[in-house]
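# Topology and contacts: notes
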Amino acid sequence: GDAVFVGENPPDAAVINYYQRERHLFGKMKLEILDSSGRVVDQLPASKRPGLNRVLWTMRAKPPRVPPAAQIAAAGIRGPRLVPGDYTVRLTKAGKVYDTKLTVGLDRRAKFSAADRKAQFDAAMRVVALFGDESALMDRIIGLRQALAQTGAAIAEGDPLRKQISDFDGKVDAVRKKIVATTEGGAITGEERLREHTDQLYGAILSYEGKPAAYQITYIDTLKRELDEVTKQFDQLLAQDLPALNDLLKSKGQEPLATPAAKVGTSETISAPGGVGDAGSTLPVEFHISH
């Protein structure tokens, strides 16, 4: 008839249970997840309460480091789901280590293979690295603009040098606007930049855990080339315009501006362990800890 059943969906995560005879009081306590190579891929909040404790592991890598902008990077708030395989849950408690195995398996309903899942993860991590490179370039730009603002504030209002500093800052800001949108409103404003296109691609790759389409892989390369071009434009400003500005600053008895150091992206590189399966299903994990 009209009777219905309403219940919570099962957690989209691995459930880890552990038991403590007594409350943990002294020494460091941490709960980590290691991949098949022994590298730590996540650290979970470990409760120190006595008795049975439960922690959920999302089975995802860390979210990308996304450049700041006027718009929210909706897809960039989560990391890619790790590939299937064998993982180790390791609890360190007051210098003692307890561990157990966790197997992430392929969802039986999946229409794709373990190789397809790895291809999807690898593609997602390439976009994570692209986000990191964009963020690293933005760090250089923001740092330089802050220095320009401080230097300009120390120059007298009517001094022509102040305008030259402002003009150079405008050139630097023009490069920034090629990386990120500066107006709220998303696609409505028509101001989608490199970061916004990267976020759209990232969301598309994460939306399906099978093998990514060939055009998506090509698009990663395209965005990377665009970022390389923007980076080259910024480096040209540093090589051509900044030295001339510094000469003027020195002539006025002002400290020259430091050249922002080139940095690689700060995103963490995670290699997919060669396992089978999909993060669609996991084996429950339990282990006991004695004082």
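Residues numbered from 1 in each chain as written. Predicted model: local features only at pLDDT ≥ 70, side-chain atom pairs only at ≥ 80, totals over all residues. Heavy atoms only, no water.

Across its full length, the chain carries four helices and eight strands. The linear arrangement of helices and strands in the chain, starting from the amino end, is β-β-β-β-β-β-α-α-α-α-β-β. Burial statistics for the chain: of 291 residues in total, 43% are counted as buried. Nonlocal contacts in the chain, meaning residues at least 24 apart in sequence, comprise 74% of its contacts between residues at least 6 apart. Of the roughly 15800 Å² of accessible surface on the chain, a fraction of 53% belongs to carbon and sulfur atoms. (Helix = DSSP H or I, 4+ residues; strand = E, 2+ residues; numbered from the N terminus. Buried < 20%, exposed > 50% of the residue type's maximum accessible area, 1.4 Å probe, protein only. Contact = heavy atoms within 4.5 Å. Areas by Shrake-Rupley, 256 points an atom, 1.4 Å probe, with all protein chains shown as cover.)

What follows concerns the pairing of strand β3 (residues 40-44). Both faces of the sheet carry side chains from a regular strand, because those side chains alternate between them. By the bridge criterion, four bridges tie strand β2 (residues 29-34) to β3 in an arrangement that is antiparallel. Among the inter-strand pairings, L34 is bridged to a residue of β3, identified as V40. The turn joining β2 and β3, which pair antiparallel and follow one another in sequence, is formed by five residues; a positive phi near 90° is taken by G38. (Pairing = 2+ DSSP bridges.)

Given a rise of 1.5 Å per residue, 13 residues ought to cover 18 Å, and the 18 Å separating the end C-alpha atoms of helix α3 (residues 194-206) matches this to within 8%. The set of residues buried in α3 consists of L194, R195, E196, T198, D199, L201, Y202, I205 and L206. Along its buried surface, α3 packs onto α1 (114-153), α2 (160-179) and α4 (214-251). (Expected span 1.5 Å × (residues − 1).)

Our next topic: the pattern of salt bridges. In total, this model carries 21 salt bridges according to the counting rule given. A salt bridge links E32 to K30; the shortest N-O distance between them is 3.6 Å. Look at E32 and you get buried, because its relative accessible area is 5%. Residue D169 pairs with R145 through a salt bridge whose shortest N-O separation is 2.9 Å. (Salt bridge = Lys/Arg side-chain N within 4 Å of Asp/Glu carboxyl O.)

For M59, which is not glycine, the phi torsion reads 65° and is therefore positive. When you line up the elements, M59 lands in the loop between β4 (51-57) and β5 (85-93). Even without being glycine, A94 reaches a positive phi, approximately 55°. Mapped onto the secondary structure, A94 falls in the loop between β5 and β6 (96-105).

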